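# What the coordinates show
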Amino acid sequence: MLILNIYRNIPKPNYFNKLNSEIIMENADNVNYKSSLKLYKRAKKVITGGVSRNTIFRRPHPFYVAQAKGSYVTDIDGNTRIDFANNMASLIHGHSHPVIVDAVTEQMQNGTAYTLGSEVEVEFGELLVERNKEFERIRFVNSGTEAVMSMIKAARAYTGRPKIAKAEGAYHGTYDFAEISQIAEPHNWGDIDKPNSVPVTYGTPESVKKDVVVFPYNDIERTINLLEANKSELACVLIDPISHRVGMYPIEEKFLLEIYNWTRKNKVLLVFDEVVTYRVTYSGAQNLYPVKPDMTALGKIIGGGFPVGAIAGSAKIMSVFDPTRKVIKQPHSGTFSANPVTMIAGKTAMQLYDRQAVENINKMAEIAKKQIHEAIQLADVPVAITGAGSMFRLHFRQEQPRNYRETYQAPEERKVIVDLLDYLFLHENLILINTFACMLATTITQVEVDRLSQSLYNGFKKYKAEIHQFAK
């Protein structure tokens, strides 16, 4: 095992009965997927493609969960895996945390949603505002996509301008304008001096493309030139400070400062998408930088395992949502927004995610990265690691990619990554995010990190020749 003994002193959660790593190893040699295959055949008859979210699809078929506790997930065929994906970064405390389960169970006895408010919504709002002094007001919605969408619409309502600017390759959910250039490729991404606005969905109106200015991440001169050319029409510049899709390379401080100063000069809003990155520090990734956004979109971990989103920002800008004003610039509702089940789950999860918990999980991520670096060296493969806080991503690169075009995976490279991830899933019993990323939970301990580093070493050795093909 790739175990660095000096890392043994990290506190370990004691509220779950951990499964023995030997059980995990046994599963790799006794795989059985008949029940999952049978269920997938049923699913295809009633659900388009057999799934309602493409992220869970894998060949030859998806796998279905029977039980999940802490950092372990058991499928309906009895195979148990360690979870380093945590439902695409949304489960900061792993699965079925007993304190959250108890809080939600108690609330459900008193109703799940009303056409009235609830005290817990106010309490949760107070908690999140206390964590970030820039959050003067907050508004809850049902997903990260909805939070970003509402934030963009608020920026337009406040400024009276139609356009937004976003980084090439950045993922901000599925709103038409936010998803532009998420999956741009060499044949259509255009000149680096003026990247094309590339739609994700067939049939996206040309007007949408025209209202999105795409800039290259961490490229000051080109970005400022593009912003300057559109300054009279820009409502906001949308930033993910550690963009997963761009490569999970933290935004460079000098680059962010230049954008911030430009927005102040031109009365354009600077808005952050922290749906994923809010986990990075106690007050989000924005706490790493000297500039603060006008608004921030939140989601994932603040839901405690339930669907959630939120928009937070200055009272003046957030007033566009205010129903007590004579002119409501952005009328806003949502049947399940701020429902008490999500609010109590989110409030409980974020109370548990206190400063000590943040420090512990980030230390565990540092240990994981150090052990993975050791595995990379021992396997002699060109793999770089990016990330911050409790999240990191691996790349078949000699150096860390700084932008989307350096991160881009050609189809041949993507195939090797999928093969490696399938190997880790089927033979090492690990669940990673399909970009080759890990999002830790507070339930991850040294036991699971040791298993991760050893399994990656095994995978690197198995695919060593293929990995070397893509080193840059």
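Residues numbered from 1 in each chain as written. Predicted model: local features only at pLDDT ≥ 70, side-chain atom pairs only at ≥ 80, totals over all residues. Heavy atoms only, no water.

### Here we look at the overall build of the protein chain
Looking only at helices and strands, the protein chain has 16 helices and 14 strands in total. The principal-axis extent of the C-alpha atoms belonging to the protein chain is close to 65 × 55 × 50 Å. Residue burial in the protein chain is summarised as follows: out of 472 residues, 57% are buried. Considering only residue pairs separated by 6 or more positions, the protein chain has 72% of its internal contacts joining residues 24 or more positions apart. With an accessible surface of roughly 20900 Å², the protein chain has 51% of that area assigned to carbon and sulfur atoms. Averaged over its 56 positive side-chain charges, the protein chain has a centre that lies 3 Å from the centre of its 51 negative ones. (Helix = DSSP H or I, 4+ residues; strand = E, 2+ residues; numbered from the N terminus. Buried < 20%, exposed > 50% of the residue type's maximum accessible area, 1.4 Å probe, protein only. Contact = heavy atoms within 4.5 Å. Areas by Shrake-Rupley, 256 points an atom, 1.4 Å probe, with all protein chains shown as cover. Lys, Arg positive; Asp, Glu negative; His and termini not counted. Charge placed at Lys NZ, Arg CZ, Asp CG, Glu CD.)

### Quick look at the pattern of salt bridges
Scanning the entire structure with this criterion turns up 17 salt bridges. Close ionic contact of Glu228 with Lys231 constitutes a salt bridge, the shortest N to O distance being 2.6 Å. A salt bridge links Arg397 to Glu413; its shortest N-O distance comes to 2.7 Å. Note that Arg397 is positioned in the loop between β12 (391–395) and α13 (404–407) and Glu413 in helix α14 (residues 411–426), a separation of 16 residues in sequence. Under the relative-accessibility criterion, Arg397 is labelled buried at 4%. Here the salt bridges do not stand alone but share partners, grouping Asp193, Asp219 and Arg222 into one network. (Salt bridge = Lys/Arg side-chain N within 4 Å of Asp/Glu carboxyl O.)

### Considerations on the layout of surface pockets
Approximately 620 Å³ is the volume attributed to the second largest pocket. Taken together, 29 residues make up the lining of the second largest pocket; nearest its centre are Glu121, Arg139, Phe140, Ser337 and Ala338. Broken down by secondary-structure element, the contributors of at least two residues to the lining of the second largest pocket are α5 (119–131), β4 (137–141) and α10 (315–318). Taken together, the residues that form the lining of the second largest pocket break down as 13 nonpolar, 11 polar and 5 charged. (1 Å grid on protein atoms, 1.4 Å probe; cavity = no way out; pocket = protein on both sides within 12 Å on 5 of 7 lines; lining within 4 Å. Points joined across faces, edges and corners; volume = space filled by probe spheres on them. Nonpolar A, V, L, I, M, F, W, Y, C, P; charged D, E, K, R; others polar.)

### Thoughts on the nonpolar core
In terms of nonpolar packing, the biggest core is built from 64 residues, with Ile302, Phe436 and Phe460 touching the most fellow members. For this core, the leading source of residues is helix α12 (residues 355–379), giving 10 residues. Beyond its immediate chain neighbours, meaning those up to four positions away, Phe460 contacts Ala375, Ile376, Ala379, Val381, Val383, Leu394, Leu420, Phe436 and Ile467. (Core = buried A, V, L, I, M, F, W, Y, C linked by side-chain atoms within 4.5 Å.)

### Description of helix α8 (residues 220–229)
The complete set of buried residues in α8 reads Thr223, Ile224, Leu226 and Leu227. With its buried residues spanning 160° around the axis, α8 presents them on a single face. Turned more than 90 degrees away from the buried face of α8 sit Glu221 and Ala229, all of them exposed. (Arc of directions from axis to C-beta.)

### Overview of the environment of Val383
Note on placement: Val383 falls in the loop between α12 and β11 (384–388). Linking Val383 and Leu394, residues 11 residues apart in sequence, is a C-alpha distance of 6.5 Å. Beyond its immediate chain neighbours, meaning those up to four positions away, Val383 contacts Ile376, Leu394, His395, Phe396, Arg397, Phe460 and Ile467.

### Some thoughts on the packing of aromatic side chains
Evaluation of the coordinates by the stated rule reveals 13 aromatic pairs. Where Tyr423 meets Tyr463, the ring centres are 6.4 Å apart and the plane angle is 70°; that geometry is what we call edge-to-face. You can see Tyr423 sitting in helix α14 and its partner Tyr463 sitting in the loop between α15 (446–462) and α16 (464–469), a full 40 residues away along the chain. Tyr463 carries the same exposure label as Tyr423, and that label is buried. Here the aromatic residues Tyr33, Phe63 and Phe425 are joined through ring pairs into a cluster of three or more. (Phe/Tyr/Trp six-rings, centres within 6.5 Å; stacked < 30°, edge-to-face > 60°.)

### Here we look at helix α6 (residues 144–159)
Taking 1.5 Å as the rise per residue, α6 with 16 residues should run 22 Å; its terminal C-alpha atoms sit 23 Å apart, in good agreement. Buried residues belonging to α6 abut β4, β5 (163–167), β7 (234–239), β8 (269–273), β9 (295–299) and β10 (309–313). (Expected span 1.5 Å × (residues − 1).)

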